[in-house]
Amino acid sequence: MADRYGSSAARKSFLSLFTMASMLFLLSWFFVLRSTDRPHFIDHNMLPNLKPVSVINDGNSKSFSESTVQPLTGNKTILEGDGEGEGEEATEKKEEGAQQKGSDVNCHRNGKEPLKVYMYDLDPEFHFGLLDWKPEGKSVWPDIRTNIPSYPGGLNLQHSIEYWLTLDLLASEFYENPNSHAAIRVRNSSEADVVFVPFFSSLSFNRFSRLKPHEKSSRDKTLQDKLVKFVTSQKEWKRTGGRDHIVMAHHPNSMLNARTKLWPSMFILSDFGRYSPKIANVEKDVIAPYKHLIKSYVNDTSTFDSRPTLLYFQGAIYRKDGGIVRQELFYLLRDEKDVHFSFGSVQKDGVNKASHGMHSSKFCLNIAGDTPSSNRLFDAIASHCVPVIISDEIELPYEDVLDYSQFCIFVRTSDAIKENFLINLIRSIKKDEWTRMWQKLQEVEQFFEFQFPSKEVDAVQMIWQAVARKVPAIRMKVNKSKRFSQSVTRKERGLSSIPSPKNFW
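Every value quoted in this text rests on a predicted model; they were computed, and no experiment measured them.

Undergrad: Any chance you could explain the sheet that holds strand β11 (residues 361–367) here in plain terms?
TA: The strands that make up a sheet pair up through hydrogen bonds in the backbone, lying either parallel or antiparallel. Strand order in this open sheet of 5 strands is β10-β9-β11-β12-β13, and the pairing throughout is parallel. Looking at strand neighbours, the two that pair on one side only are β10 (339–342) and β13 (409–410), the edges of this open sheet. Running at roughly 155 degrees to strand β9 (residues 309–314), helix α8 (residues 350–359) makes contact with β9 and β11 of the sheet. Each of β11, β12 (386–390) and β13 touches helix α12 (residues 431–444); the most contacted strand, β12, lies at about 95 degrees to it.

In structure tokens form, the structure reads like this:
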């Protein structure tokens with residue numbers, strides 16, 4: 001009897017102990033799951049606003065500030081607002097209509113907040129001083145409300161984006177409605193999305209890269225050396241390793257020395273033809289358009305039949321590297337009666353002649369030269385002459401939001417040099433298809449127009465938007481770079497350099 005009683009008591013004790021252990025186990029899992037449910041260490045200010053603000057489509061539109069965009073040259077491209085206050089049904093219909101029409105451009109900005117840009121107050125010798133501007137008082141910048149230094153003409157203009165972007169930042173401090181612009185200047189670098197380095201590098205190369213008899217180093221190289229020393233010593237550079245810095249090097253030969261030291265930054269370039277992929281690439285950098293040199297075709301009422309020249313090219317024919325194709329095409333096309341293929345330059349009224357020639361042509365050749373890109377593409381767009389692009393390595397501005405196949409013809413180099421291939425292809429494009437592309441050119445031409453003050457979706461605003469689309473990736477790289485910051489020794493920190501590629505001219 002006693003044995004049975006003892007056995008029963010032992011079983012009850014074991015059952016109670018098992019029950020308590022099970023409850024403690026379940027409670028522990030409850031607290032573990034709760035602790036991992038919602039992290040509280042994320043900086044939500046760093047998270048992107050996922051609400052798309054605007055989409056440029058074929059049809060109709062509102063601006064970012066919901067005011068009508070005034071077209072520059074009879075443009076019918078319209079900007080859609082963010083659709084606030086509209087029901088789901090209206091939104092679905094709008095999206096369905098966009099899909100049916102085919103969207104040419106999708107311009108996304110995070111909310112209505114402009115890109116916040118901190119600009120270094122560099123000495124005028126790096127920017128407007130190169131235009132012979134003299135500062136008055138302590139300010140390193142001209143008062144653009146009363147005096148805007150002029151930029152030199154001719155071929156200098158095609159790489160002048162440094163001038164237009166800097167002017168736009170200076171003007172942003174006087175905007176009545178800053179949120180209507182893609183970028184604004186901020187005075188506190190901790191508030192900025194990116195840091196802007198206002199060195200007019202293309203102008204510096206064009207004017208001061210040649211050694212003078214008494215010089216050991218050209219003025220351009222001296223400025224680059226001083227720039228690297230200044231920028232890399234700033235707290236803003238050290239904070240991110242330069243990843244959030246914007247450096248302009250639009251001329252292919254600009255920043256030849258500094259680029260190998262400032263490579264972590266975001267370059268604004270015309271192409272990657274003279275860059276090692278380690279220094280510049282499409283993932284981190286921005287391709288910007290050239291400023292066109294020929295006259296815009298204002299109030300264009302031309303038709304397929306009123307443009308007598310089928311295919312037009314005027315420029316340097318004998319080039320190096322990828323540009324050799326120009327010579328081969330010259331021999332293939334020179335006897336075609338409705339093709340204009342000749343040597344030309346900006347000298348001896350060359351710009352006016354090219355303007356007339358492009359305005360009178362249905363198609364305009366854009367062939368690789370010493371580098372994959374040239375200003376000729378943007379001259380063609382401004383003249384509504386359908387571009388025929390023969391450049392296998394070309395990178396194009398805003399191509400993440402702009403479908404160039406809607407208004408350009410792309411031909412592989414290997415196909416273009418086949419006998420009769422190119423001319424037969426061009427002749428196969430009939431009136432209706434050409435007219436559709438001609439209309440598209442008039443819709444997109446404002447995206448490539450530089451002007452001051454800038455206007456919505458012109459070249460300046462589009463470049464800023466392209467920069468803004470890189471910001472999330474920059475932030476991710478900066479955050480990832482901090483993972484092992486506690487374990488990095490002092491000797492491992494600091495400025496690193498990449499050897500220059502050997503194909504520099």
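Next comes the rest of the description.
Undergrad: Any chance you could explain the side chain of Gln451 here in plain terms?
TA: Summarising the element assignment, Gln451 is placed in the loop between α12 and α13 (459–468). A distance of 3.1 Å separates a polar atom in the side chain of Gln451 from a polar atom in the side chain of Asp458.

Undergrad: Would you mind going over the state of the cysteines with me for this structure?
TA: A covalent bond between the sulfur atoms of two cysteines is what we call a disulfide. Taken as a whole and assessed by the stated rule, the structure comprises 1 disulfide. What pairs with Cys364 in a disulfide is Cys385, and their sulfur atoms sit 2.1 Å apart. Between Cys364 and Cys385, the S-S dihedral sits near 105 degrees, and the bridge is therefore right-handed. Taken together, the residues Cys364 in strand β11 and Cys385 in the loop between α9 (376–382) and β12 connect sequence positions 21 residues apart.

Undergrad: Explain the packing of helix α4 (residues 201–208) against helix α5 (residues 219–232) to me, please; I cannot follow it from the model alone.
TA: Each packed pair of helices is defined by two parameters, the angle between the axes and the distance between the axes. At a minimum axis separation of 8 Å, α4 and α5 run at an interaxial angle of 150 degrees. Overall, the two elements α4 and α5 adopt an arrangement that is roughly antiparallel. Residues Ser201, Ser204, Phe205 and Phe208 of α4 pack against Arg219, Asp220 and Leu223 of α5. Within the contact of α4 with α5, the residues separate by chemical class into 3 nonpolar, 2 polar and 2 charged.

Undergrad: Honestly, the nonpolar core in this entry has me stumped. Any pointers?
TA: In summary, soluble globular proteins display a tendency toward joint burial of nonpolar side chains. Counting residues in hydrophobic clusters, the biggest one holds 115 residues, and the most contacted among them are Ile268, Phe341, Phe363, Leu365, Val388, Leu422 and Trp464. Excluding anything up to four places from it in sequence, Phe363 contacts Leu310, Leu311, Tyr312, Cys385, Val386, Val388, Ile409, Ile426, Ile429 and Trp434. Listed in part, the 8 residues of the second largest apolar core include Ala354, Cys364, Ala382 and Cys385.

Undergrad: Sorry, what's going on with unusual backbone geometry here?
TA: Glycine aside, negative phi is the norm for most residues, and most peptide bonds take the trans geometry. Residues Phe452 and Pro453 are joined by a peptide bond in cis, for which omega reads -5 degrees. Within the secondary structure, Pro453 is located in the loop between α12 and α13. Of note, the phi angle at His384 is positive, near 60 degrees, even though the residue is not glycine.

Undergrad: What am I meant to see in helix α7 (residues 324–333) here?
TA: For the α-helix, the turn length of 3.6 residues means that residues three or four positions removed from each other point alike. Looking at α7, one finds that the buried residues are Val325, Arg326, Leu329, Phe330 and Leu333. Projected down its long axis, α7 shows its buried positions confined to an angular sector of 145 degrees, all on one face.

Undergrad: Sorry if this is basic, but what is going on with the sheet that holds strand β8 (residues 286–287) here?
TA: Read from one edge to the other, the open sheet built from 6 strands follows the order β4-β3-β5-β6-β7-β8, with strand pairing classed as parallel. Looking at strand neighbours, the two that pair on one side only are β4 (183–186) and β8, the edges of this open sheet. Summarising the sheet, strand β7 (residues 266–269) and β8 pair through 2 bridges and their orientation is parallel. Bridging from a neighbouring strand, Leu269 pairs with Ile287 of β8.

Undergrad: Whenever I open this one, the pairing of β7 confuses me. Can you help?
TA: Because side chains alternate across β7, one face comprises the buried residues Met266 and Ile268, and the other comprises Phe267 and Leu269, equally buried. Sheet topology places strand β6 (residues 245–248) next to β7; 3 bridges connect them, and they run parallel. Across the sheet, Met248 pairs through a bridge with Ile268, a residue of β7.

Undergrad: Would you explain the pairing of β9 in this entry?
TA: Here is the key point about a regular strand: its side chains alternate between the two faces of the sheet. Most of β9 sits out of view: 6 of its 6 residues are buried. In terms of strand pairing, β9 meets β11 through 3 bridges, oriented parallel. Of the residues in β11, the one forming a bridge with Thr309 is Ser361. Note: β9 against β10, 4 bridges, orientation parallel. By the bridge assignment, Gln314 is partnered in β10 with Ser342.

Undergrad: It is not clear to me how the pattern of salt bridges should be interpreted in this structure. Could you clarify?
TA: Side chains that carry opposite charge are capable of pairing whenever their charged atoms lie near each other. One pass over the full model with this rule turns up 15 salt bridges. In this structure, Arg185 engages Asp121 in a salt bridge whose closest nitrogen and oxygen atoms are separated by 2.7 Å. Within this pair, whereas Arg185 is found in strand β4, its partner Asp121 is found in the loop between β3 (115–119) and α3 (161–171), the two being separated by 64 residues in sequence. On the basis of relative accessibility, which here comes to 9%, the residue Arg185 falls in the buried class. Ionic pairing is found between Asp338 and Arg427, a salt bridge with its closest N-O pair at 2.9 Å. Of the two residues, Asp338 is situated in the loop between α7 and β10 and Arg427 in helix α11 (residues 421–427); the sequence distance between them amounts to 89 residues. Using a relative accessible area of 34% as the deciding quantity, one classes Arg427 as partly exposed. Among the ionic contacts, a cluster of salt bridges with common partners joins Asp121, Glu173, Arg185 and Arg187.

Undergrad: Honestly, helix α14 (residues 471–481) in this entry has me stumped. Any pointers?
TA: Every buried residue of α14 is listed here: Val471, Ile474 and Val478. Viewed end-on, α14 has its buried residues packed into an arc of 55 degrees, placing them on one side of the element. Packing partners of the buried residues in α14 comprise β3, β5 (194–197), α6 (235–240), β7 and α13.

Undergrad: Quick question: what am I supposed to make of the environment of Tyr290 here?
TA: Within the fold, Tyr290 resides in the loop between β8 and β9. By relative accessible area, which is 4% here, Tyr290 ends up buried. Residues Tyr290 and Arg376, 86 residues apart in the sequence, show an inter-C-alpha distance of 8.9 Å. Once residues within four sequence positions are removed from consideration, Tyr290 is found in contact with Gln158, His159, His250, Ser270, Asp271, Ser373, Ser374, Asn375, Phe378 and Phe450. Of the polar contacts made by the side chain of Tyr290, one reaches the side chain of Ser373; its length is 2.7 Å.

Undergrad: It is not clear to me how the side chain of Ser202 should be interpreted in this structure. Could you clarify?
TA: The topology assignment puts Ser202 in helix α4. Ser202 has contacts with His159, Glu162, Ala249, His250, His251 and Ser254, leaving out every residue within four places of it along the chain.

Undergrad: Where do I start with the confidence of the model for the chain in this structure?
TA: Regions with low pLDDT carry predicted coordinates that are not meant to be interpreted in detail. Summing up the model confidence of the chain, the mean pLDDT is 81 and the portion of residues at 70 or higher is 73%. Segment residues 32–103: pLDDT under 50, and 103 contacts once partners within four positions in sequence are set aside and those in other chains are kept.

The rules behind these values
Residues numbered from 1 in each chain as written. Predicted model: local features only at pLDDT ≥ 70, side-chain atom pairs only at ≥ 80, totals over all residues. Heavy atoms only, no water. Pairing = 2+ DSSP bridges. Helix = DSSP H or I, 4+ residues; strand = E, 2+ residues; numbered from the N terminus. Contact = heavy atoms within 4.5 Å. Axes fitted to C-alpha atoms, helices over the stretch in contact; angles between N-to-C directions. Polar contact = N/O pair within 3.5 Å; in protein donor to acceptor, adjacent residues only side chain to side chain. Disulfide = S-S within 2.5 Å. Parallel < 35°, antiparallel > 145°, perpendicular 65-115°, else oblique. Nonpolar A, V, L, I, M, F, W, Y, C, P; charged D, E, K, R; others polar. Core = buried A, V, L, I, M, F, W, Y, C linked by side-chain atoms within 4.5 Å. Buried < 20%, exposed > 50% of the residue type's maximum accessible area, 1.4 Å probe, protein only. Arc of directions from axis to C-beta. Salt bridge = Lys/Arg side-chain N within 4 Å of Asp/Glu carboxyl O. pLDDT = per-residue confidence, 0-100.

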